[in-house]
Each structure stands twice: as structure tokens, then as C-alpha cells.
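Coordinate inspection notes
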Amino acid sequence: AGTKIKIGDSFSFIMAPNASVLLNYDPINACWRSVSQTVLGFAPSWAQFAATAVQGLNAPNNFNFNAITASAGTDISLVGGGVRLRAGRTYRLRGFVPWPNVTTYVSYQWFDGTAGVGRKGHNESVNNTAAIGSGGAAEAVVKPTVDTTYWLRATAAGGSVYTNAGLAPHAWVECLE
């Protein structure tokens, strides 16, 4: 036996940790209609960043992002080659250097201007004869107490690091709450 639906019935569904929808039954059209949708606490936001210009640097130095390739929301921005985040919200930062045009390797990490945050990423050249293996993206989860700019920094490298427009560093940043 199932639950009988009657005129005026409504149900609230939790669709995600921070979202819900309230449905009412429409007996005339024999369907459910959305009465309200709620996102609790914040509007989702995210941004993709790219370094589309050729860069050459030695570690330790920052990679400079110069383009937002896609985004939603207004609390994540590009400032001086870094990623600017609004205070009081929690964000996930991911950065990757896909081709470290060096003879060996490059390691990189997110920095808040003074200290490294999160885990380091690491990538190696196909020409590296002493390879230890690539470590993927640099990732961090941060909740700045004041508006803060974060940079993806080359922390160590086996020589000068050169990137080009086609295979340059890129980042994905999303607001978690």
C-alpha cells in the first residue's frame, strides 16, 4: 500500500546540503509544481583562471593568471595575477601547471602572500631522467578573515620554468559555503 495523495498536499525535499525545494500537488494537471526553491546561506560561485601569456620564472615565484575564462558569482576575482577571495566564506582552490618546460620538474603551491596553504602540486618534464612521478594539482581549502589574494607559486624547480599560452598554468576556484 502506498501513500494517497490528496488536494493540498505538499512535500519539502532536501536536494543538497544547502538547497531544498517545496512541491505542491496540482490535481487539475495531475502533477507536482515547485512552490519555492531555497539555497541556504550563500549563492554558489566559482571561477576558472588561465595564464594565457608566455611566462618565464625561477622558483620561488608566482605564476600570473591574466584571464578568467568562465565564472559565476561576484566574490571571486582576478587581482594582479592572483585570485582574490571575499572574507568569511570557505573556498576550494585547485591549480595545475600542465607542462613545466624545464628539463626536470616544478613543484607549486597556493600562497596567501606570506605562507603556503594546502598541499603542493608537482609535475615533471618528459625529459626528466631522474623522475619521481607527478603529483597533480595544488589544492587548498581556505576561509579568509579579510579579503585576501592567493597566488599559485612555483616553490621548487629543476631550472627556469617556461610556460606558453597553450599549456599554461590554470586554476579552478569554488565557494563551498
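Notes on the structure follow. (Residues numbered from 1 in each chain as written. Predicted model: local features only at pLDDT ≥ 70, side-chain atom pairs only at ≥ 80, totals over all residues. Heavy atoms only, no water.)

Section: the overall build of the chain
Across its full length, the chain holds 0 helices and 16 strands. Put simply, the chain has 177 residues, and 34% of those count as buried. Pairs at least 24 residues apart make up 61% of the contacts formed inside the chain by residues separated by at least 6 positions. Of the roughly 9600 Å² that the chain leaves accessible, carbon and sulfur atoms contribute 55%. (Helix = DSSP H or I, 4+ residues; strand = E, 2+ residues; numbered from the N terminus. Buried < 20%, exposed > 50% of the residue type's maximum accessible area, 1.4 Å probe, protein only. Contact = heavy atoms within 4.5 Å. Areas by Shrake-Rupley, 256 points an atom, 1.4 Å probe, with all protein chains shown as cover.)

Here we look at the side chain of Asn-123
Tracing the sequence through the fold places Asn-123 in strand β12 (residues 116-124). Among the residues examined, Asn-123 registers a relative accessible area of 8% and is labelled buried. Engagement of the side chain of Asn-123 in a polar contact is seen with the backbone oxygen of Val-97, the distance being 2.9 Å. (Polar contact = N/O pair within 3.5 Å; in protein donor to acceptor, adjacent residues only side chain to side chain.)

Re the packing of aromatic side chains
As enumerated under the stated definition, the model contains 3 aromatic pairs in all. Centroid distance Phe-49 to Phe-65: 6.1 Å. Interplanar angle 50°. Geometry classified as tilted. Linking Phe-49 in strand β4 (residues 46-50) with Phe-65 in the loop between β6 (61-62) and β7 (67-72), this pair joins segments that are 16 residues apart in sequence. The pair Phe-49 / Phe-65 is uniform in exposure class, with both members buried. Centre to centre, the rings of Phe-65 and Trp-110 are 6.4 Å apart; their planes meet at 25°, and the pair counts as stacked. (Phe/Tyr/Trp six-rings, centres within 6.5 Å; stacked < 30°, edge-to-face > 60°.)

Details of the side chain of Thr-148
Tracing the backbone through its elements, the reader meets Thr-148 in strand β14 (residues 148-157). Ignoring sequence-local partners within four residues, the contact set of Thr-148 consists of Val-83, Arg-84, Leu-85 and Asp-112.

Observations regarding the pattern of salt bridges
A side chain with one charge may pair with a side chain of the opposite charge, provided their charged atoms come close. Enumeration over the complete set of coordinates arrives at 5 salt bridges. Notably, a salt bridge pairs Glu-174 with Arg-92, separated by 2.9 Å at the nearest N-O pair. Here Arg-92 lies in strand β10 (residues 91-96) and Glu-174 lies in strand β16 (residues 170-175), a separation of 82 residues in the sequence. Its relative accessible area of 19% is what places Glu-174 among the buried residues. Linked through salt bridges whose partners overlap, the residues forming this network are Arg-92, Arg-94, Arg-119, Glu-139 and Glu-174. (Salt bridge = Lys/Arg side-chain N within 4 Å of Asp/Glu carboxyl O.)

Some words on the nonpolar core
Grouped together as the largest cluster of nonpolar side chains are 27 residues, with contacts concentrated most on Phe-63, Leu-85 and Trp-110. Elements with a minimum of two residues in this core: β4, β9 (82-85), β10, β11 (105-111), β13 (138-142), β14 and β16. Sequence-distant contacts of Phe-63, that is, excluding residues within four places in its chain, are made with Gln-55, Leu-57, Gly-81, Val-97, Val-106, Tyr-108, Leu-152, Arg-153, Ala-154, Val-161, Thr-163 and Pro-169. (Core = buried A, V, L, I, M, F, W, Y, C linked by side-chain atoms within 4.5 Å.)

Some words on the pairing of β10
Because side chains alternate across β10, one face comprises the buried residues Tyr-91, Leu-93 and Gly-95, and the other comprises Arg-92, Arg-94 and Phe-96, none of which is buried. In terms of strand pairing, β10 meets β13 through 5 bridges, oriented antiparallel. Paired with Leu-93 across the two strands is Ala-140, which belongs to β13. Note: β10 against β16, 6 bridges, orientation antiparallel. Residue pairing for β16: Gly-95 is matched across the bridge by Ala-171. (Pairing = 2+ DSSP bridges.)

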